[in-house]
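Inside the fold
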Amino acid sequence: MMDGFPSERVSAGGRLGRNDGVIRSAFGLIRVLAQAGHPVGVTRLAAAAGLPKATAHRILEQLAREGVVERRDHEWELGTGLHGLSRATFQADLAGVAQLRMHAVTRATGATLFLYLQSPGQPLAAVTRSYGTRMGSAATASEQRHGGEHPASAVWRALDQGRLAAEYGEAHPEIDCIATPVALPAGGAVILTLAEPRGVNLEPFKRPLDRTIDLILSDWRRLDP
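Worth saying up front: this structure is predicted, and the values here are computed from it rather than measured.

1. Focus on helix α3 (residues 53-65)
Compared with the 18 Å implied by 1.5 Å per residue over 13 residues, the 19 Å span of α3 between its first and last C-alpha is a close match. The set of residues buried in α3 consists of Thr 55, Ala 56, Ile 59, Leu 60 and Leu 63. The buried residues of α3 occupy one face: seen down the axis, they fall within an arc of 130°. Facing away from the buried surface of α3 by more than 90 degrees, the exposed residues are Ala 54 and Arg 65.

Next comes the structure, spelled out in structure tokens:
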């Protein structure tokens, strides 16, 4: 350990190809920056990662071109490109655990469900969906997918109110929708929506929708020990 950073020295054992060595060195530098939590100079970074200073500098420059790290006042920190990668990984994990729960609701009710992710400073993202049998005649798949982006949608009402919200034919004249949000510890929220053609009573779906999003997030937390 050096200056509070655990060493990430690359092992001399085994026969690594040049690309393998570069990848391991790059991840060593990224781990040091993640553990530091603040900008670090290249000399300290190289020492903590167990790399020659020139090698560390070259790899950092390559990572900076991809947005993974950024240089600030002659020091380095994690960049926005890595945060985007983390968001994509989170979305993929969330979609994987949500699909079984959402499909089960669709099979039982015939309703259409969408799961959205709202991250600070990012556009609303549709994570996954489960199409019901009654929605095809009311809206196209594209209209259903982008319905949550409408400013009058139940998604934005739920985010604004911090609880389950409904809208009736305002985002799309032939669709009624309810949405329920759950805030994430790191900021932003996950929003689960249920949509039906106009005239279908949505009241019986409200408690099951709240229960379903709780189960989805419980399943996801099991993937993140």
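Still to come is the rest of the account.
2. Regarding the pairing of strand β6 (residues 165-168)
For a regular strand, the rule is simple: side chains alternate between the two faces of the sheet. Here four bridges tie β6 to strand β7 (residues 175-183), and the two strands are oriented antiparallel to one another. Within the sheet, the bridge partner assigned to Tyr 168 lies in β7 and is Asp 176. Taking the residues between adjacent antiparallel strands as the criterion, β6 and β7 are bridged by six residues, where Gly 169 takes a positive phi near 70°.

3. Examining the nonpolar core
Core analysis: the largest hydrophobic core is formed by 27 residues, its most contacted members being Leu 94, Leu 113, Leu 115, Ile 178, Val 190, Leu 192 and Leu 194. With seven residues, the single largest contributor to this core is helix α4 (residues 80-109). In contact with Leu 194, not counting residues within four places along its chain, are Val 105, Ala 111, Thr 112, Leu 113, Asp 176, Cys 177, Ile 178, Leu 202, Phe 205 and Leu 209. Among the nonpolar cores identified, the runner-up in size contains 20 residues, and Ala 26, Leu 45, Ile 59 and Leu 60 belong to it.

4. Some thoughts on the packing of helix α2 (residues 42-49) against α3
Contact geometry of α2 with α3 gives a least axis separation of 9 Å together with a crossing angle of 105°. The angle between α2 and α3 falls in the class roughly perpendicular. Side by side, α2 and α3 meet where Val 42, Thr 43, Leu 45 and Ala 46 of the first sit next to Lys 53, Ala 56, His 57 and Leu 60 of the second.

The rules behind each value
Residues numbered from 1 in each chain as written. Predicted model: local features only at pLDDT ≥ 70, side-chain atom pairs only at ≥ 80, totals over all residues. Heavy atoms only, no water. Helix = DSSP H or I, 4+ residues; strand = E, 2+ residues; numbered from the N terminus. Expected span 1.5 Å × (residues − 1). Buried < 20%, exposed > 50% of the residue type's maximum accessible area, 1.4 Å probe, protein only. Arc of directions from axis to C-beta. Pairing = 2+ DSSP bridges. Core = buried A, V, L, I, M, F, W, Y, C linked by side-chain atoms within 4.5 Å. Contact = heavy atoms within 4.5 Å. Axes fitted to C-alpha atoms, helices over the stretch in contact; angles between N-to-C directions. Parallel < 35°, antiparallel > 145°, perpendicular 65-115°, else oblique.

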